[in-house]
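The chain contents come next:
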Amino acid sequence: MSNESKLVELPVPSPTSKAAAAAVSATNGADVQALFADITKMTPWDEEAKKAFLASKMHMVATHPTLDLAARKAGAAELASGLKEAGALTPTGPIPGGVGYGMFYNSPFKTNWATGTAIYWEIVCPTPPGGNVNTFLYLTATNRSGKGVEAFIAYNGQDQTFFKVFDWARYPAAPWQTNIPFANLASYVRTESAHGHPYQVLPLLNITYQSAANHWYNQVWLWNRAANRWDLIYQFDYSATLAEQQGVWVGSWGPIVETFQNPYQGTNPMGALNTQAISRASNNQWGEWHLLGPSDSYVRTDNTGFHLLFLDPNYSWAVNS
Amino acid sequence: MTTPNRPPIPSGDAQAGFLGMTDPDTGNPVSVADRRAEFERLSRQAPRDPGAERAFIESKIEMIRKDSNLTEAEKERAIEELRRGL
């Protein structure tokens, strides 16, 4: 049998109408251009759909995760002139609730603990968030437990920044607990350098551990820079099984930027530094802290405009837009 | 001594509820303080925003929907769990 492939001959569209007609004729086809043109004329255009199509292209170039900010700007400028005429510069169909950038735990790592789990991380939290942030934006993380807490920075526009604790062990009855204006955290906020740049960070410990059979504690600790000590700022004890702690979706994310707009533009650098995890074994012994790595977690980004400034896989990273 | 970059190891009597902290290098207890009362007081002063609280859960539901690592059945189960509170 011959190895030579047999090419299938197809009618190839030609740049000239004469050649096109010949090609159609040669393949026994029919020229339906007029028919399609007529149908097109009779079909009403959905102007909103047209705008959405063009706006979507603008959104794609403005949020493309592998383009740097300059390339995004250049691409957007190219599209902008045509889009302006079409009135499509305002994106349609906003999609609140996404992951701007951040880490999700790999399945084996998520459950690789028995009687306790904790995360330490330094929240890179600029104040204000900058750019076009005009609603909520969260810098949050879980410690792998399904009934643990999210101790996080919550922005609402440029002027309202809070440190909050949402306790999943108290959901849905009373999950909202700590709610502190950022201005009250002066003793806890510090400056940390990474990749040659200083960042404002809030270091914190988020711990869940079992004290007795099916009895657990959630704790949040902040590093008090002024007093040189760790401050316990939240604690809750509750009943739960290990299956409830490990067999649910809650607890699957490490440090993330959780988004409510799309796209983000002009935001200040935000993210996580020195993320570490620790596990407590079935004999109630804590192990050692280790930096969150690529074997523990993977990056998720929903293309909401954030651009990666640096990544030390996967424990330190910052994004802007 | 422990620093923010060198976090302490949780320790102490877990059943007593107040977990201590130990320096990972020396094994000695590190300085800690219980500031829960102050943080509770400050939290009570801040007004609650029901819209923001609802948005928090709705956002998580959206995160589930977009999670390419979950099967449809896993998504349904996770969303159902969260909807209990809405």
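The rules we used
- Residues numbered from 1 in each chain as written.
- Chains lettered and ligands numbered in written order.
- Predicted model: local features only at pLDDT ≥ 70, side-chain atom pairs only at ≥ 80, totals over all residues.
- Helix = DSSP H or I, 4+ residues; strand = E, 2+ residues; numbered from the N terminus.
- Buried ≥ 20, exposed ≤ 12 C-beta atoms within 10 Å, placed from the backbone.
- Contact = placed C-beta atoms within 7 Å.
- Nonpolar A, V, L, I, M, F, W, Y, C, P; charged D, E, K, R; others polar.
- Pairing = 2+ DSSP bridges.
- Core = buried A, V, L, I, M, F, W, Y, C linked by C-beta atoms within 7 Å.
- Axes fitted to C-alpha atoms, helices over the stretch in contact; angles between N-to-C directions.
- pLDDT = per-residue confidence, 0-100.

### Examining the overall build of chain B
In step 1: The helix and strand inventory of chain B stands at three helices and three strands.
In step 2: Helices and strands in chain B line up, N terminus first, as β-β-β-α-α-α.
In step 3: The 86 residues of chain B split such that 22% are buried.
In step 4: Here the analysis covers contacts within chain B between residues at least 6 apart in sequence; of these, 12% occur between residues at least 24 apart.

### What about the interface of chain A and chain B?
In step 1: Contact residues are listed per partner, giving 50 residues for chain A and 39 residues for chain B.
In step 2: For the side of chain A that touches chain B, the elements supplying multiple residues, two or more each, are strand S1 (98-105), strand S2 (116-124), strand S5 (160-167), strand S6 (176-181), strand S8 (197-212), strand S9 (215-224), strand S10 (229-239) and strand S12 (270-280) of chain A.
In step 3: The element best represented in the side of chain A that touches chain B is S10(A), accounting for eight residues.
In step 4: Across the side of chain A that touches chain B, the residue classes break down as 28 nonpolar, 14 polar and eight charged.
In step 5: Looking at chain direction, S10(A) and strand S3 (residues 32-34) of chain B are connected through three bridges and run parallel. Opposite Asp231(A), over in S3(B), you have Ala33(B) as the bridge partner.

### Quick look at the pairing of strand S4 (residues 149-156) of chain A
All names here are of chain A.
In step 1: The buried fraction of S4 amounts to seven of the eight residues, a majority that puts the element mostly inside the structure.
In step 2: As paired elements, S4 and S5 share eight bridges and run antiparallel to each other. Counterpart to asparagine 156 in the pairing with S5 is glutamine 160.
In step 3: Linkage of S4 to S5, two consecutive antiparallel strands, is achieved through a turn of three residues, within which glycine 157 is found at a positive phi near 70°.

### Considering unusual backbone geometry
Working note: non-glycine residues mostly have negative phi, and peptide bonds are mostly trans.
All names here are of chain A.
In step 1: Each neighbour pair has its own omega, and for threonine 127 with proline 128 the value is 5°, a cis peptide bond.
In step 2: Assignment of secondary structure puts proline 128 in the loop between S2 and strand S3 (136-140).
In step 3: That bond from asparagine 262 to proline 263 is cis: its omega, 0°, falls within 30 degrees of zero.
In step 4: Tracing the backbone shows proline 263 in the loop between strand S11 (253-259) and S12.
In step 5: Unlike most non-glycine residues, asparagine 214 shows phi in positive territory, near 55°.
In step 6: Position of asparagine 214 relative to the elements: it lies in the loop between S8 and S9.
In step 7: Its identity is not glycine, yet asparagine 284 carries a phi of approximately 65°, on the positive side.

### Overview of the nonpolar core
Residues and elements named next belong to chain A.
In step 1: Counting 77 residues, the largest nonpolar core has Ile123, Val124, Ile153 and Leu204 as its most contacted members.
In step 2: Ranked by residue count, the leading element in this core is S8, at seven residues.
In step 3: Aside from chain neighbours lying at most four places away, what touches leucine 204 is Trp121, Ile123, Ala151, Val220, Trp221 and Leu222.

### With respect to the sheet that holds strand S14 (residues 297-300) of chain A
In step 1: Read across the sheet, seven strands follow the order S6-S5-S4-S3-S11-S1-S14 (chain A) without closing on themselves; strand pairing throughout is antiparallel. Strand pairing shows two members of the sheet lacking a second neighbour, S6 and S14 of chain A, which therefore form its edges. This sheet shows a mean twist of 15° between the axes of neighbouring strands, independent of strand direction.
In step 2: Packed on one face of the sheet, helix H2 (residues 50-65) of chain B meets S1, S3, S4, S5, S6 and S11 of chain A and runs near 65° to S1(A).

### Here we look at the confidence of the model for chain B
Residue and element names in this part refer to chain B.
In step 1: Summing up the model confidence of chain B, the mean pLDDT is 86 and the portion of residues at 70 or higher is 85%.
In step 2: Mean pLDDT values over the elements of chain B span from 84, in strand S1 (residues 9-11), up to 96, in helix H1 (residues 36-45).
In step 3: On the interface metric, ipTM, the complex scores 0.90, and its pTM is 0.79.

### Thoughts on the pairing of S10(A)
Residues and elements named next belong to chain A.
In step 1: One ladder, built from ten bridges, connects S9 with S10; its direction is antiparallel. Note on S10: the bridge partner recorded for asparagine 224 is arginine 229.
In step 2: In sequence, S9 turns back onto S10 through a hairpin of four residues, with asparagine 228 there showing a positive phi of about 60°.

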